[in-house]
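Topology and contacts: notes
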Amino acid sequence: MVHLDAGQRIYNEIWEGFAGPIRVLMQNRYVFHPFWQHHNGIAGNEDREERFTASAGSFARSFAAQNTARTLSFVFDRLYVLRNQLVHGGATWNSAVNRNQVRDGAAILSFLMPVFVDVMMDNPHENWGQPFYPVVE
């Protein structure tokens, strides 16, 4: 998607508009999947702090290199955890929990989703894969 964005809208907005919110999101251990795995007693996540530190280092290297695709991979991973908190209970309507992350995540996605659709429409011959949730009648 990033490579097909001829106008570099994704690249420009990530580095000019969302660099700060992305850094803050990546520093929040409460949107890191292994944190919740450990919190919920799922074995194999005792090293969640070390994994968080390692993930932060990998993110920092991607961020410093302005590797947009890799940076977005980290961002989407964290936003998925945030989505789970909203849908399954950890962050609720009108609460103070994760409000900054919800606001920033919504802003990031509100910008990216229309751009992604535009890029896909501009490149109709790309293999975008089979839809996982196709229209079923």
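All figures in this text were calculated on a predicted structure; none of them were measured in a lab.

1. Side note on the nonpolar core
- Grouped together as the largest cluster of nonpolar side chains are 22 residues, with contacts concentrated most on Ile10, Ile14, Ile22, Phe59, Phe63 and Leu112.
- When contributions to this core are tallied by element, the ones reaching two or more residues are helix 1 (9-16), helix 2 (19-26), helix 4 (48-64), helix 5 (68-88) and helix 6 (99-122).
- When neighbours within four sequence positions are excluded, Ile10 is seen to be in contact with Met1, Val2, Asp5, Thr68, Leu72, Phe111, Leu112, Val115 and Phe116.

2. Re unusual backbone geometry
- One non-glycine residue with positive phi stands out, namely Gln8, at about 55°.
- For Gln8, a relative accessible area of 45% corresponds to the partly exposed category.
- Unusually for a residue other than glycine, Gln66 sits at a positive phi of about 50°.
- Among the secondary structure elements, Gln66 is positioned in the loop between helix 4 and helix 5.
- Judged by its relative accessible area of 37%, Gln66 is partly exposed.

3. Things to note about the packing of aromatic side chains
- Counting across every chain of the model gives 10 aromatic pairs.
- Seen in terms of ring centroids, Phe18 and Phe111 are 6.3 Å apart; in terms of plane orientation they differ by 50°. Their pairing is tilted. Here Phe111 lies in helix 6 and Phe18 lies in the loop between helix 1 and helix 2, a separation of 93 residues in the sequence.
- Among the aromatic residues, those joined into a cluster by ring pairs are Tyr11, Trp15, Phe59, Phe63 and Phe74.

What counts and what doesn't
Residues numbered from 1 in each chain as written. Predicted model: local features only at pLDDT ≥ 70, side-chain atom pairs only at ≥ 80, totals over all residues. Heavy atoms only, no water. Core = buried A, V, L, I, M, F, W, Y, C linked by side-chain atoms within 4.5 Å. Buried < 20%, exposed > 50% of the residue type's maximum accessible area, 1.4 Å probe, protein only. Helix = DSSP H or I, 4+ residues; strand = E, 2+ residues; numbered from the N terminus. Contact = heavy atoms within 4.5 Å. Phe/Tyr/Trp six-rings, centres within 6.5 Å; stacked < 30°, edge-to-face > 60°.

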